[in-house]
Amino acid sequence: MSLYDDAVLVLKEYEAQPELRDLYLEHLAAHPDGVYKPCRAGHITGSALVIDPAGGRVLLTLHKKLGIWLQMGGHCEPEDTTLAGAALREAVEESGIASGLTLLPGGPVRLDRHPIPAPCNWHLDVQYAALAPAGAVAEISEESLDLRWFPYEEVAAVADASVVRLMEATRARL
């Protein structure tokens, strides 16, 4: 199964946010290359909120280009075969947690569509949650200005509304 086929299947099975889900599916139907960055009409991205439920905290990255605190995530790569795999790969790369990250069962936690600068127009983000193992040590990557654990109650003060919604939805699923 191709990444495109997996994305369509994952989105068809995702029951929440039906209007946004349908918009993603319409995008993919119109753009067979819509899972990759070169698609100028927008493209699917995969992200994962790294969460430590035992410690009551989430790991956020200070994005190098945007200068804001976000969950780990990014573009799908040709070697990715699933959206979940792309999100987990990004979480491992950007968190520096080399082993033990596992995706929260149940598929994507949320969808978030946001504008990006030209030449592309949109990121159609499929958002997962990744559970950090006890005692996980994060290590900053080249893609980040900073990397930091935040207690749940501090996230709203540092991150935008999409990150807060993702954290709340993740905590509700836990």
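Rules used in this analysis
- Residues numbered from 1 in each chain as written.
- Predicted model: local features only at pLDDT ≥ 70, side-chain atom pairs only at ≥ 80, totals over all residues.
- Heavy atoms only, no water.
- Helix = DSSP H or I, 4+ residues; strand = E, 2+ residues; numbered from the N terminus.
- Rg over C-alpha atoms; globule rule 2.2 N^0.38 Å.
- Buried < 20%, exposed > 50% of the residue type's maximum accessible area, 1.4 Å probe, protein only.
- Contact = heavy atoms within 4.5 Å.
- Core = buried A, V, L, I, M, F, W, Y, C linked by side-chain atoms within 4.5 Å.
- Polar contact = N/O pair within 3.5 Å; in protein donor to acceptor, adjacent residues only side chain to side chain.
- Axes fitted to C-alpha atoms, helices over the stretch in contact; angles between N-to-C directions.
- Parallel < 35°, antiparallel > 145°, perpendicular 65-115°, else oblique.
- Left-handed = near helix turned anticlockwise from the far one by under 90°.
- Nonpolar A, V, L, I, M, F, W, Y, C, P; charged D, E, K, R; others polar.
- Salt bridge = Lys/Arg side-chain N within 4 Å of Asp/Glu carboxyl O.
- 1 Å grid on protein atoms, 1.4 Å probe; cavity = no way out; pocket = protein on both sides within 12 Å on 5 of 7 lines; lining within 4 Å.
- Points joined across faces, edges and corners; volume = space filled by probe spheres on them.

As for the overall build of the chain
- When helices and strands are counted, the chain shows 5 helices and 8 strands.
- Order of helices (α) and strands (β) in the chain, N terminus to C terminus: α-α-β-β-β-β-α-β-β-β-β-α-α.
- The C-alpha radius of gyration computed for the chain amounts to 15 Å, which stays within 12% of the reference 16 Å derived for 174 residues, consistent with globular compactness.
- Projected onto its principal axes, the C-alpha coordinates of the chain cover approximately 45 × 30 × 30 Å.
- Here the chain holds 174 residues, and 46% of them are scored as buried.
- Look at the contacts in the chain between residues 6 or more apart in sequence, and 66% of them connect residues 24 or more apart.

So, the nonpolar core
- One finds I44, V50, L83 and V126 to be the most contacted residues of the largest nonpolar core, which totals 31 residues.
- When contributions to this core are tallied by element, the ones reaching two or more residues are α1 (3–13), α2 (18–30), β1 (43–52), α3 (83–95), β7 (122–131) and β8 (144–151).
- The element that contributes the greatest number of residues to this core is α1, accounting for 5 residues.
- In this structure V126 touches L11, Y24, I44, T45, G46, S47, L83, P108, R110 and L111, once residues within four positions along its chain are discounted.
- Judged by nonpolar contacts, the second largest core, of 18 residues, contains V109, A129, V164 and L166.

Some details on the side chain of H43
- If you trace the backbone, H43 turns up in strand β1.
- Only 3.2 Å separates the side chain of H43 from the side chain of H123, close enough to count as a polar contact.
- Once residues lying within four places of it in the same chain are set aside, the contact partners of H43 are H27, G34, V35, Y36, K37, H75, I116, C120, W122, H123 and L124.

Points about the packing of α1 against α2
- At a minimum axis distance of 10 Å, the contact between α1 and α2 shows a crossing angle of 155°. Classified by the interaxial angle, the pair formed by α1 and α2 is roughly antiparallel. When the axes of α1 and α2 are compared, the crossing they make is left-handed. Facing α1, whose interface residues are Y4, A7, V8, L11 and K12, α2 presents R21, Y24, L25, L28 and A29.
- Across the contact of α1 with α2, the residue classes tally to 8 nonpolar, no polar and 2 charged.

A short note on the pattern of salt bridges
- Overall, the coordinates contain 7 salt bridges when judged by the stated rule.
- Notably, a salt bridge pairs R21 with D22, separated by 3.1 Å at the nearest N-O pair.
- Accessibility expressed as a relative area gives 15% for R21, which makes it buried.
- Across the salt bridge formed by D52 and R57, the nearest N and O atoms sit 2.7 Å from each other.
- In this structure D52 comes out as buried when scored by relative accessible area, which is 10%.
- On the accessibility criterion, R57 (24% relative accessible area) is partly exposed.

Examining the layout of surface pockets
- One number sums up the size of the largest pocket: a volume of about 950 Å³.
- Looking at the largest pocket, it is lined by 32 residues, and the ones nearest its centre are H63, L66, H75, I116 and H123.
- If you tally residues by element for the lining of the largest pocket, the top one is strand β4 (residues 72–75), at 4 residues.
- Of the residues in the lining of the largest pocket, the class split is 8 nonpolar, 14 polar and 10 charged.

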